[in-house]
Amino acid sequence: MAEYDVIIIGGGPGGYNGAIRAGQLGLSVACVEKRETLGGTCLNVGCIPSKSLLHASEMLDLANKQFARLGIDVTPKLNLPTMMRQKDESVAQLTKGVEFLFNKNKVEWIKGGGRLTGLGRVEVTDAGGATSILEGKSIVIATGSRPTPLPGVTVDGVRIVDSAGALALPEVPGHLVVIGAGVIGLELGSVWRRLGAKVTVVEYLDHITPGLDAETAKALQRSLSKQGITFKLSAKITGATASKVGVDLTVEPAAGGTAEGLSADYVLVAIGRQPYTDDLGLDVVGITPDPRGFIDTDHFATGAAGVYAVGDVTHGPMLAHKAEDEAVACIEIIAGKAGHVNYDVIPGVIYTSPEVATVGKTEEELKATGVTYKVGKFPFTANSRAKVNHEAEGFVKVLADANTDRILGVHMIGPGVGEMIGEYCVAMEFAASSEDVARTCHPHPTRSEALRQAAMGVEGWTMQA
Amino acid sequence: MTDIMTPTLGESVTEATVARWLKKTGDVVKRDDVLVELETDKVSLEVAASEDGFLSAIDAEEGAAVLPGQRLGRIGAAIAGGAPAPQTPQTAAETSAVPVAAKASVGAATAAAEKPLPLSPAVQRVVTENKLDAAAIAGGGKEGRITKGDALAAVKARASAPPPLVAATPAREIHAREERVRMTRLRQTIARRLKEAQQTAAMLTTFNEVDMSAVMDLRSQYKESFEKRHGVMLGFMGFFVKACIAALKEVPVVNAEIDGQDLIYKNHYDIGVAVGSERGLVVPVVRDADVMSIAEVEREIGALGKKARDGSLALEDLQGGTFTISNGGVYGSLMSTPILNAPQSGILGMHKIQDRPVVVRGQVVIRPMMYLALSYDHRVVDGQGAVTFLVKVKDHIEDPRRLLLEI
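*Asks:* Can you break down the overall build of chain B residue by residue, with the values?
*Replies:* A tally of helices and strands in chain B yields 11 helices and 19 strands. Within the span of chain B, comprising 407 residues, buried residues form 41% of the whole. Summarising the internal contacts of chain B: among those between residues at least 6 apart in sequence, 61% fall at separations of at least 24. Accessible surface computed for chain B: about 22,200 Å², of which carbon and sulfur atoms make up 53%.

So, in structure tokens, the structure goes:
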């Protein structure tokens, strides 16, 4: 029976980053993963492959719509199998990369499903059904999440798919219906829209991307609508019948009312994700997840001695980088160090075109808590780089405390903003004021100048708009 | 590497002075060893090591003003470079057998500490425009960095701070037979607060005298049995505290304070008793003295007095009094006008007991007499109230049976 300092159940962003950190700190560590490859949902069927398709489809879209304007005459033609293959190759390379990092940091990768059979004991069942027992001083649950099923709309993996299925459709749908206007639904809807599908997004709430700063969400909806995505808000799907060639859906107003039919070639169910906490033997060690399946923790410690939980199985945003930060902090705490996660500075990005990037509090949150704040806003139409690139959609909005000028939240929509939010994360991590960013030199001409101009706007001295 | 931080100093105390370092850099320290003594407006306090190690850097030298959360110095880890910690730390230090790696890091840490963290652009602007001393601003950001909010708060604090009492004008030259000594923080605070009280209140003093015969007789009669029973000497303070509470109940406004346009009446009786200590006058508070027996009051005063002499008074011991009694008599004062302990509205001055000829029922007799003084804030307490108060105290002292009957 093998004994480890740390056993991590799950090889996703929480699990593999935690395992690497444990290896770095000299702990003996095993990472139990039942998938054939490391990287979890994110790397295999989530963030990474979707970004591959988003990028490729955006290129096609540019070739179709922008090139002629730049003086490049081409007639692009989609080769879907090649596009899918390059995506799969990228994913394979990256999962191999994690494997390499495991070897480098002496992390033992145990293939199979992990299950607690007592404090400090994990039973692993491999693909062939054989079981083995591992013993560990500390056990970290990092099993992540899976798509939330929608009653009445059963995912069959053929015509009705979840996010993983939508990354590997065999053809461009004539009509794709996306149920759920969250991040996943909008990103994958964008992919297929650009590849030629008619896309309808059905959302139960009266607005898209719940939790996002309202002004930013509205701007995103306007932009996506312009791209041809149809939104049916305040609507619910009450029935779905899949046939060999398509799906017949029943749509009703969320508040009740007359039902209508909607036919689709494919349906993507993307109404959210739920923590993966069943069948882990949590009851054996006395851990009871909350009614929605989340594990309550205190600095990652569960109620059970030596058992920790990080990432999507715990409360908070279901984001790979949140899981990664938690895993690192959790392992550092296990190693007797001062691991810490600053939950006020966890950025979020929606990889649509234009992108949305956000960190900190929304205007709605600040209003609700009665914080007095100032707003600085700058449109990309006034940014020279965005302008010459013909991608001047969107804006940067900075929210800062009215008294101390400390940056409380940043919300941006526009070209490449996902790559720029990190600047504000660093600033906020150091409790910077809007003026700090406003007085920091930014290269000209770049889109990043918009970040500075928006910061200037907080105290009313935006210079270029 | 662990930071030695200035602890929270308690409400209304914003600053402390480093009084004395008990360890030198490089000294081996053990957890709970006292490293440094701080002096605040009200008390002195000790900062102990939170873990074993060695004192690797001193950031705030003796005499420096420090704010809560400010780093005083650092403790380096006892184990350096994998070398085991010295078995007998003290000897190890004396024979300079501190691990070489640890010594090297002393130098590094000191060098790092001497160089202040760079200011962010906004902080730089606020500091420069407002001519602030960045070193004097407590940083609330990461690793104690100063944020713009901290700098703005410092500007605001300066705007609302009273003009400094010391060094307002350039220090004058010292002549041959003079000596310049920096006032302790306690002394500076006493100076500032007394002046504040004088500037704020409409202060006035009323006098009376009290025949101490009854209390003295009572005292000599029961001195021994009281001490035997309660383990504390029977003094005069217990009687005066109780007499004052009776008077405060009669004239509640003396137990009140002004807050803007309002009066705040306090339905609790927390009596400050001025005690002289080596460091100066301090006024620890006997809390809820109204529900205490005379013995309990005496015992509490004894305990607080001991703490004052030891310098171990906590801030809580000094805060929140509603009325003060000062006894200049112990130093031989025959008559004085005490200054209010703001924001209180009254202070009773006790004085020396002196045999004096007085007229009782048409006869001149010799009685042990004490002058009483009540200084009060005339904005709150009118003359009639003040005089009534003092008469009430006098009545209770001259006939302590009243205390028993509450009349």
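*Asks:* Provide a residue-level description of the environment of B:Lys266, including the pertinent values.
*Replies:* Residues and elements named next belong to chain B. Mapped onto the secondary structure, lysine 266 falls in the loop between strand E11 (262–265) and strand E12 (271–273). Sequence separation between lysine 266 and valine 253 is 13 residues, and the spatial gap between their C-alpha atoms is 8.8 Å. Every residue in contact with lysine 266, bar those within four places of it in the chain, is listed here: Asn255, Ala256, Glu257 and Thr322. Side chain to side chain, lysine 266 and glutamate 257 meet in a polar contact 2.7 Å long.

*Asks:* Help me get a handle on the nonpolar core, residues and values and all.
*Replies:* Counting 70 residues, the largest nonpolar core has B:Leu72, B:Phe240, B:Phe323 and B:Phe389 as the members making the most contacts within it. Looking at this core element by element, the count peaks at 9 residues for helix H7 (residues 237–250) of chain B. Other than its neighbours up to four places away in sequence, B:Phe240 contacts B:Met212, B:Ile325, B:Leu348, B:Met350, B:Met370, B:Leu372, B:Val393 and B:Ile397. Judged by nonpolar contacts, the second largest core, of 37 residues, contains A:Leu169, A:Ala219, A:Ile229 and A:Tyr266.

*Asks:* Help me get a handle on the interface of chain B and chain A, residues and values and all.
*Replies:* Across the boundary between the two partners, chain B contributes 12 residues, which contact 12 residues of chain A. For the pair chain B and chain A, the summed buried area comes to about 910 Å², and 56% of that belongs to carbon and sulfur atoms. Considering only the surface of chain B that becomes buried against chain A, B:Pro121, B:Lys142 and B:Lys148 emerge as the three largest contributors, covering 51% of it. For the interface between chain B and chain A, the tally reads 5 salt bridges. Between A:Glu429 and B:Lys142 there is a salt bridge, with the nearest N and O atoms lying 3.2 Å from each other. Linking chain B with chain A are 7 residue pairs in polar contact (both at pLDDT 80 or more), by the criterion used here. Breaking the side of chain B that touches chain A down by element, the ones donating at least two residues are helix H3 (121–129) and helix H4 (148–160) of chain B. Per element, the largest residue contribution to the side of chain B that touches chain A is 4 residues, and it comes from H3(B). The residue makeup of the side of chain B that touches chain A, split by class, is 4 nonpolar, 4 polar and 4 charged.

*Asks:* Quick rundown of the sheet that holds strand E13 (residues 247–253) of chain A? Include the residues and the values.
*Replies:* All names here are of chain A. Taking strand neighbours across the sheet as the criterion, the 3 strands line up as E12-E13-E14 in an open arrangement whose pairing is antiparallel. The outermost strands of the open sheet, each flanked by one partner alone, are strand E12 (235–242) and strand E14 (260–264). Adjacent strand axes in the sheet meet at a mean angle of 30° when their direction is disregarded. Two elements, E12 and E13, share 7 bridges in a ladder whose sense is antiparallel. Paired with isoleucine 237 across the strands is valine 251, a residue of E13.

*Asks:* Can you explain the environment of A:Val158? Please cite residues and give values.
*Replies:* Residue position: A:Val158 is located in the loop between strand E7 (145–147) and strand E8 (160–161). A:Val158 sits 87 residues away from A:Val245 along the chain, and the two C-alpha atoms are 9.9 Å apart.

*Asks:* Which residues make up the side chain of B:Ser345, and what values do they have?
*Replies:* Checked against the element boundaries, B:Ser345 lands in the loop between strand E16 (323–327) and strand E17 (346–350). A distance of 2.7 Å separates the side chain of B:Ser345 from the backbone oxygen of B:Ala256, its partner in a polar contact.

*Asks:* Can you lay out the pairing of strand E19 (residues 363–377) of chain B for me, pointing to particular residues and giving the numbers?
*Replies:* Residues and elements named next belong to chain B. Relative to E19, strand E9 (residues 203–211) runs antiparallel, the two being bridged by 9 bridges. Opposite leucine 204, over in E19, you have tyrosine 376 as the bridge partner. Relative to E19, E17 runs antiparallel, the two sharing 4 bridges. The partner of glycine 349 across the bridge, within E19, is alanine 373. With 7 bridges joining them, strand E18 (residues 354–360) and E19 adopt antiparallel strand pairing. Within E19, the position partnered with aspartate 355 by the bridge is proline 368. In this antiparallel pair of consecutive strands, E18 and E19, the connection spans 2 residues, and arginine 361 shows a positive phi of 45°.

*Asks:* Could you give an account of the packing of helix H1 (residues 13–24) of chain A against helix H8 (residues 320–334) of chain A, with specific residues and numbers?
*Replies:* All names here are of chain A. Packing of H1 against H8 brings their axes to within 8 Å, and their N-to-C directions diverge by 35°. In this structure, H1 crosses over H8, and the sense of that crossing is right-handed. Residue-level inspection shows Pro13, Gly14, Asn17, Gly18, Arg21 and Ala22 of H1 in contact with H8, the latter providing Ala320, Ala323, Glu324, Ala327, Val328, Ile331 and Glu332. Split into classes, the residues belonging to the contact of H1 with H8 amount to 7 nonpolar, 3 polar and 3 charged.

*Asks:* Describe the pattern of salt bridges, listing the residues and the values that go with them.
*Replies:* This model, assessed by the stated rule, comprises 43 salt bridges over all chains. Put simply, A:Asp5 and A:Lys137 hold a salt bridge, and the shortest N to O gap is 2.8 Å. Placement of A:Asp5 in strand E1 (residues 2–9) and of A:Lys137 in strand E6 (residues 131–141) is noted, with a sequence separation of 132 residues between them. Here A:Asp5 falls in the buried class, since its relative accessible area comes to 18%. A:Lys137 gets classed as exposed once you look at its relative accessible area, which sits at 57%. Its salt-bridge partner being B:Arg20, residue B:Glu37 comes within 3.3 Å of it at the nearest N-O pair. With B:Glu37 in strand E4 (residues 34–40) and B:Arg20 in strand E2 (residues 16–21), the pair connects residues that are 17 residues apart, well separated along the chain. Members of the salt-bridge network, linked through shared partners, are A:Asp405, A:Glu435, A:Arg439, A:Glu459, B:Arg125, B:Glu129 and B:Lys148.

The rules behind each value
- Residues numbered from 1 in each chain as written.
- Chains lettered and ligands numbered in written order.
- Predicted model: local features only at pLDDT ≥ 70, side-chain atom pairs only at ≥ 80, totals over all residues.
- Heavy atoms only, no water.
- Helix = DSSP H or I, 4+ residues; strand = E, 2+ residues; numbered from the N terminus.
- Buried < 20%, exposed > 50% of the residue type's maximum accessible area, 1.4 Å probe, protein only.
- Contact = heavy atoms within 4.5 Å.
- Areas by Shrake-Rupley, 256 points an atom, 1.4 Å probe, with all protein chains shown as cover.
- Polar contact = N/O pair within 3.5 Å; in protein donor to acceptor, adjacent residues only side chain to side chain.
- Core = buried A, V, L, I, M, F, W, Y, C linked by side-chain atoms within 4.5 Å.
- Buried area = accessible area lost by both parts, 1.4 Å probe.
- Salt bridge = Lys/Arg side-chain N within 4 Å of Asp/Glu carboxyl O.
- Nonpolar A, V, L, I, M, F, W, Y, C, P; charged D, E, K, R; others polar.
- Pairing = 2+ DSSP bridges.
- Axes fitted to C-alpha atoms, helices over the stretch in contact; angles between N-to-C directions.
- Left-handed = near helix turned anticlockwise from the far one by under 90°.

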